[in-house]
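Fold and geometry: a report
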Amino acid sequence: MALRIATWNVNSVTARLPRLVAWLERTGTDVLCVQELKVAEAAFPYEELRALGYEAAVNGTGRWNGVAVISRIGLEDVVTGLPGGPGFPDDEPEPRAVSATCGPVRVWSVYVPNGREVGHAHYEYKLRWFEALRGAVAGDAAGPRPFAVLGDYNVAPTDEDVWDPAVFAGSTHVTPAERAALAALRETGLTDVVPRPLKYDRPYTYWDYRQLAFPKNKGMRIDLVYGNGPFAEAVSDAYVDREERKGKGASDHAPVVVDLEV
DNA sequence: ATGCCCAGTCTCACTGGA
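Conventions used here
Chains are numbered independently. Their residues run from 1 in the order of the written sequence. Chain letters and ligand numbers both follow the written order, the letters beginning at A and the numbers at 1. Only residues with pLDDT of at least 70 get local features here, since the model is predicted, and only at 80 or more are side-chain atom pairs given and counted; chain-wide, interface and lining totals rely on the full set of residues. Only heavy atoms go into the side-chain values, all of them from the structure, while hydrogens and water stay out. UniProt positions are given in the numbering used here, feature names are shortened, and annotations may be inferred rather than shown by experiment. Any two strands with at least two DSSP-identified bridges between them are counted as paired. Only runs of H or I of at least four residues qualify as helices and only runs of E of at least two qualify as strands under DSSP, and these elements are numbered from the N terminus. For helices, the axis comes from a line fit to the C-alpha atoms of the stretch in contact; other axes are also lines fit to C-alpha atoms, and the angle between any two N-to-C directions lies between 0 and 180 degrees. We call a residue near a molecule or strand as soon as one heavy atom of that residue lies within 4 Å of the molecule or strand. Polar contacts here mean pairs of N or O atoms no more than 3.5 Å apart (in protein, one a potential hydrogen donor and the other a potential acceptor; neighbouring residues in sequence count only if both atoms are side-chain atoms).

For chain A, the name recorded in an unreviewed UniProt entry is Exodeoxyribonuclease III, with Streptomyces thermolineatus as its organism. Under Cofactor (unreviewed entry), UniProt gives the following word-for-word description of chain A: "Mg(2+)".

Structural data, given as C-alpha coordinates:
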(Lines give C-alpha, C1' and ligand atoms only; values in the text may rest on other atoms or scores of the structure.)
Protein backbone atom coordinates (compact mmCIF):
# COMPACT_ATOMS: atom_id res chain seq x y z
CA MET A 1 0.00 0.00 0.00
CA ALA A 2 1.15 3.51 -0.81
CA LEU A 3 1.44 5.80 2.21
CA ARG A 4 2.27 9.48 2.45
CA ILE A 5 3.72 10.55 5.80
CA ALA A 6 4.89 14.07 6.63
CA THR A 7 6.19 16.32 9.41
CA TRP A 8 5.52 20.04 9.71
CA ASN A 9 6.26 22.64 12.38
CA VAL A 10 3.19 24.83 11.80
CA ASN A 11 4.06 27.62 14.29
CA SER A 12 0.52 27.76 15.75
CA VAL A 13 -2.13 25.36 14.51
CA THR A 14 -4.71 28.10 15.06
CA ALA A 15 -2.94 30.62 12.83
CA ARG A 16 -2.11 27.92 10.28
CA LEU A 17 -5.49 26.15 10.16
CA PRO A 18 -6.59 27.45 6.71
CA ARG A 19 -3.24 26.48 5.25
CA LEU A 20 -3.21 23.15 7.10
CA VAL A 21 -6.60 22.17 5.72
CA ALA A 22 -5.69 23.24 2.19
CA TRP A 23 -2.34 21.45 2.41
CA LEU A 24 -3.87 18.16 3.56
CA GLU A 25 -6.40 18.33 0.73
CA ARG A 26 -3.72 19.22 -1.82
CA THR A 27 -1.19 16.58 -0.84
CA GLY A 28 -3.46 13.76 0.31
CA THR A 29 -1.13 13.08 3.23
CA ASP A 30 -2.17 10.03 5.26
CA VAL A 31 -0.24 10.73 8.46
CA LEU A 32 1.03 14.16 9.49
CA CYS A 33 3.22 14.82 12.51
CA VAL A 34 2.76 18.43 13.65
CA GLN A 35 4.80 20.57 16.01
CA GLU A 36 4.40 23.95 17.73
CA LEU A 37 0.64 23.76 18.06
CA LYS A 38 0.71 26.69 20.52
CA VAL A 39 -2.72 25.67 21.71
CA ALA A 40 -4.24 23.74 24.60
CA GLU A 41 -5.53 20.27 23.79
CA ALA A 42 -9.13 21.39 24.39
CA ALA A 43 -8.81 24.09 21.71
CA PHE A 44 -7.29 21.83 19.06
CA PRO A 45 -9.29 21.94 15.76
CA TYR A 46 -10.50 18.34 15.92
CA GLU A 47 -13.74 19.08 14.07
CA GLU A 48 -12.14 20.77 11.09
CA LEU A 49 -9.82 17.80 10.64
CA ARG A 50 -12.54 15.22 11.20
CA ALA A 51 -14.46 16.83 8.33
CA LEU A 52 -11.51 15.86 6.12
CA GLY A 53 -11.44 12.31 7.47
CA TYR A 54 -8.63 12.68 10.00
CA GLU A 55 -8.39 11.84 13.69
CA ALA A 56 -5.71 13.33 15.90
CA ALA A 57 -3.61 12.41 18.93
CA VAL A 58 -2.79 15.70 20.62
CA ASN A 59 -0.35 16.74 23.34
CA GLY A 60 -0.78 20.44 23.99
CA THR A 61 -1.08 22.59 27.09
CA GLY A 62 -1.14 26.23 26.01
CA ARG A 63 0.85 28.99 24.42
CA TRP A 64 4.13 27.16 23.84
CA ASN A 65 5.14 23.86 22.24
CA GLY A 66 2.47 21.24 21.52
CA VAL A 67 2.59 18.26 19.13
CA ALA A 68 0.11 16.01 17.35
CA VAL A 69 -0.21 13.01 15.07
CA ILE A 70 -2.98 13.49 12.50
CA SER A 71 -4.03 10.35 10.64
CA ARG A 72 -6.65 9.17 8.19
CA ILE A 73 -5.53 5.53 8.32
CA GLY A 74 -6.09 4.79 12.00
CA LEU A 75 -4.68 5.92 15.32
CA GLU A 76 -3.90 3.29 17.94
CA ASP A 77 -1.74 2.85 21.02
CA VAL A 78 -1.28 6.56 21.60
CA VAL A 79 1.45 7.54 24.04
CA THR A 80 1.33 11.16 25.20
CA GLY A 81 4.62 12.71 26.24
CA LEU A 82 8.16 11.38 26.48
CA PRO A 83 8.29 8.60 29.08
CA GLY A 84 11.08 9.27 31.52
CA GLY A 85 11.86 12.59 29.88
CA PRO A 86 13.01 15.73 31.68
CA GLY A 87 10.97 18.93 32.05
CA PHE A 88 11.67 22.64 32.08
CA PRO A 89 11.91 24.68 34.18
CA ASP A 90 11.99 22.89 37.52
CA ASP A 91 11.51 19.59 35.71
CA GLU A 92 7.97 20.56 34.72
CA PRO A 93 7.00 18.31 31.77
CA GLU A 94 6.32 20.06 28.45
CA PRO A 95 4.20 18.80 25.53
CA ARG A 96 6.96 17.87 23.11
CA ALA A 97 6.19 14.28 22.12
CA VAL A 98 3.29 12.07 21.12
CA SER A 99 3.36 8.71 19.39
CA ALA A 100 0.81 6.47 17.72
CA THR A 101 0.41 3.49 15.43
CA CYS A 102 -1.22 4.42 12.12
CA GLY A 103 -2.02 1.38 10.01
CA PRO A 104 1.25 -0.44 9.27
CA VAL A 105 3.58 2.19 10.75
CA ARG A 106 4.31 3.61 14.17
CA VAL A 107 5.37 7.25 14.35
CA TRP A 108 6.50 9.81 16.89
CA SER A 109 5.92 13.54 16.51
CA VAL A 110 8.65 15.37 18.44
CA TYR A 111 9.54 18.97 19.14
CA VAL A 112 13.03 18.91 20.61
CA PRO A 113 13.85 21.80 22.99
CA ASN A 114 15.59 24.73 21.29
CA GLY A 115 18.48 25.05 23.74
CA ARG A 116 18.56 28.86 23.50
CA GLU A 117 22.31 29.31 24.13
CA VAL A 118 25.22 26.93 24.61
CA GLY A 119 25.65 26.45 28.34
CA HIS A 120 22.15 27.69 29.15
CA ALA A 121 20.01 25.47 31.39
CA HIS A 122 17.77 24.98 28.35
CA TYR A 123 20.73 23.59 26.39
CA GLU A 124 21.40 21.00 29.10
CA TYR A 125 17.69 20.23 29.08
CA LYS A 126 17.87 19.70 25.32
CA LEU A 127 20.69 17.17 25.67
CA ARG A 128 18.90 15.30 28.47
CA TRP A 129 15.72 15.29 26.38
CA PHE A 130 17.62 13.61 23.53
CA GLU A 131 18.94 10.94 25.93
CA ALA A 132 15.42 10.17 27.12
CA LEU A 133 14.16 10.03 23.53
CA ARG A 134 16.86 7.54 22.65
CA GLY A 135 15.83 5.30 25.51
CA ALA A 136 12.14 5.57 24.69
CA VAL A 137 12.42 4.67 20.99
CA ALA A 138 15.18 2.05 21.11
CA GLY A 139 12.78 -0.90 21.27
CA ASP A 140 10.64 0.12 18.29
CA ALA A 141 13.72 1.27 16.35
CA ALA A 142 15.12 -2.25 16.53
CA GLY A 143 11.79 -3.91 15.77
CA PRO A 144 10.40 -5.36 12.54
CA ARG A 145 7.57 -2.84 12.08
CA PRO A 146 8.16 0.34 10.01
CA PHE A 147 8.88 3.01 12.59
CA ALA A 148 9.96 6.63 12.42
CA VAL A 149 10.60 9.61 14.68
CA LEU A 150 9.55 12.74 12.80
CA GLY A 151 9.71 16.32 13.90
CA ASP A 152 11.56 19.51 14.60
CA TYR A 153 14.87 18.26 16.02
CA ASN A 154 16.36 21.75 16.39
CA VAL A 155 19.72 20.36 15.24
CA ALA A 156 21.34 20.68 11.82
CA PRO A 157 22.99 17.28 11.32
CA THR A 158 25.98 18.62 9.34
CA ASP A 159 27.50 21.93 8.28
CA GLU A 160 25.90 21.30 4.88
CA ASP A 161 22.55 21.69 6.59
CA VAL A 162 22.95 25.41 7.33
CA TRP A 163 23.26 28.16 4.73
CA ASP A 164 26.46 29.56 6.25
CA PRO A 165 28.25 27.58 8.99
CA ALA A 166 30.29 30.64 9.95
CA VAL A 167 27.14 32.44 11.04
CA PHE A 168 26.32 29.62 13.46
CA ALA A 169 29.76 29.25 15.03
CA GLY A 170 29.29 28.96 18.78
CA SER A 171 25.51 28.73 18.51
CA THR A 172 23.10 25.98 19.37
CA HIS A 173 21.83 23.64 16.62
CA VAL A 174 25.32 22.87 15.29
CA THR A 175 27.43 21.91 18.34
CA PRO A 176 29.29 18.60 18.54
CA ALA A 177 27.24 17.61 21.60
CA GLU A 178 23.94 18.10 19.76
CA ARG A 179 25.21 16.23 16.71
CA ALA A 180 26.48 13.46 18.98
CA ALA A 181 22.97 13.20 20.42
CA LEU A 182 21.65 12.67 16.89
CA ALA A 183 24.34 10.07 16.24
CA ALA A 184 23.40 8.24 19.44
CA LEU A 185 19.78 8.23 18.32
CA ARG A 186 20.78 6.74 14.96
CA GLU A 187 22.70 4.03 16.79
CA THR A 188 19.38 2.57 17.95
CA GLY A 189 18.81 1.59 14.32
CA LEU A 190 17.42 4.77 12.81
CA THR A 191 18.45 6.32 9.49
CA ASP A 192 18.21 9.97 8.45
CA VAL A 193 15.73 9.94 5.54
CA VAL A 194 17.11 12.96 3.68
CA PRO A 195 14.50 14.63 1.47
CA ARG A 196 15.24 16.15 -1.91
CA PRO A 197 14.89 19.91 -2.31
CA LEU A 198 12.41 21.13 -4.89
CA LYS A 199 14.75 24.03 -5.70
CA TYR A 200 18.44 24.85 -5.07
CA ASP A 201 20.89 22.25 -3.85
CA ARG A 202 20.11 21.74 -0.17
CA PRO A 203 16.89 20.42 1.44
CA TYR A 204 16.42 23.17 4.01
CA THR A 205 13.24 23.00 6.05
CA TYR A 206 13.39 26.27 8.02
CA TRP A 207 13.95 29.88 6.97
CA ASP A 208 13.74 32.79 9.42
CA TYR A 209 10.88 35.21 8.84
CA ARG A 210 13.31 38.12 8.92
CA GLN A 211 15.60 39.73 6.36
CA LEU A 212 14.36 37.92 3.25
CA ALA A 213 15.82 34.65 4.50
CA PHE A 214 13.50 32.54 2.35
CA PRO A 215 13.94 34.34 -0.98
CA LYS A 216 17.69 34.37 -0.34
CA ASN A 217 17.54 30.68 0.66
CA LYS A 218 19.27 31.31 3.97
CA GLY A 219 17.86 28.18 5.52
CA MET A 220 18.56 25.25 7.80
CA ARG A 221 17.62 21.56 7.71
CA ILE A 222 16.37 20.90 11.23
CA ASP A 223 13.09 19.06 10.58
CA LEU A 224 14.09 15.43 10.27
CA VAL A 225 12.67 11.99 9.58
CA TYR A 226 14.54 9.24 11.40
CA GLY A 227 13.27 5.85 10.27
CA ASN A 228 14.24 2.30 11.18
CA GLY A 229 15.36 -0.23 8.55
CA PRO A 230 11.88 -1.43 7.54
CA PHE A 231 10.74 2.21 7.23
CA ALA A 232 13.78 3.42 5.27
CA GLU A 233 13.57 0.48 2.89
CA ALA A 234 9.94 1.32 2.12
CA VAL A 235 10.68 4.94 1.14
CA SER A 236 9.90 5.63 -2.52
CA ASP A 237 10.36 9.41 -2.40
CA ALA A 238 11.02 12.23 0.07
CA TYR A 239 10.97 15.97 -0.49
CA VAL A 240 10.68 19.35 1.23
CA ASP A 241 7.48 21.11 0.18
CA ARG A 242 9.02 24.59 -0.06
CA GLU A 243 5.95 25.84 -1.94
CA GLU A 244 4.19 25.87 1.45
CA ARG A 245 6.76 28.36 2.79
CA LYS A 246 5.70 30.96 0.22
CA GLY A 247 3.26 33.82 0.61
CA LYS A 248 1.28 35.45 3.36
CA GLY A 249 0.42 33.38 6.41
CA ALA A 250 3.18 30.78 6.00
CA SER A 251 4.90 28.97 8.86
CA ASP A 252 8.64 29.56 9.05
CA HIS A 253 9.08 25.80 8.52
CA ALA A 254 8.16 23.82 5.39
CA PRO A 255 6.65 20.32 5.50
CA VAL A 256 8.88 17.29 4.86
CA VAL A 257 6.95 14.68 2.88
CA VAL A 258 7.86 10.98 2.69
CA ASP A 259 6.19 8.49 0.37
CA LEU A 260 6.27 4.82 1.35
CA GLU A 261 5.32 1.58 -0.32
CA VAL A 262 4.59 -0.88 2.48
C1' DA B 1 7.17 38.64 -7.05
C1' DT B 2 9.17 33.46 -2.65
C1' DG B 3 9.85 40.05 -0.76
C1' DC B 4 12.55 42.80 4.05
C1' DC B 5 9.31 38.80 11.72
C1' DC B 6 5.50 36.15 13.70
C1' DA B 7 2.29 34.25 17.36
C1' DG B 8 0.27 34.26 21.82
C1' DT B 9 -0.87 36.48 25.97
C1' DC B 10 -0.84 37.86 32.05
C1' DT B 11 -2.15 42.48 24.73
C1' DC B 12 0.24 48.59 23.30
C1' DA B 13 5.19 44.95 26.05
C1' DC B 14 6.96 40.91 26.67
C1' DT B 15 8.51 35.81 25.78
C1' DG B 16 10.11 32.50 22.62
C1' DG B 17 11.62 31.08 18.38
C1' DA B 18 16.86 29.48 15.96
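This part takes up the sheet that holds strand E2 (residues 31-35). The strand order across the open sheet formed by six strands is E3-E4-E2-E1-E14-E13, and the pairing between neighbours is mixed. Unpaired on one side and paired on the other, strand E3 (55-59) and strand E13 (235-240) mark the two borders of the sheet. For this sheet the average axis-to-axis angle between neighbouring strands, irrespective of direction, equals 10°. In this structure, strand E1 (residues 2-9) lies alongside E2, joined through five bridges in parallel fashion.

Our focus in this paragraph is the protein's contact with DNA strand B. Around DNA strand B, a shell composed of 32 residues is seen, among which Ser 12, Arg 63, His 173, Lys 199 and Gln 211 lie nearest. Sugar and phosphate atoms represent 64% of those atoms of DNA strand B found within 4 Å of the protein. Arg 116 places a polar side-chain atom, nitrogen or oxygen, 3.0 Å from a phosphate oxygen of DNA strand B. The backbone of Pro 215 places a nitrogen or oxygen atom 3.4 Å from a base oxygen of DNA strand B. A per-element tally of the surface near DNA strand B places helix H1 (residues 13-27) first, with three residues.

Attention now moves to the UniProt feature "domain: Endonuclease/exonuclease/phosphatase" (unreviewed entry) in chain A. Taking the numbering used here, the UniProt-annotated feature "domain: Endonuclease/exonuclease/phosphatase" (unreviewed entry) corresponds to residues 6-253. The straight-line gap between the two end C-alpha atoms of residues 6-253 is 13 Å; of that span, 23% is helix and 24% is strand.

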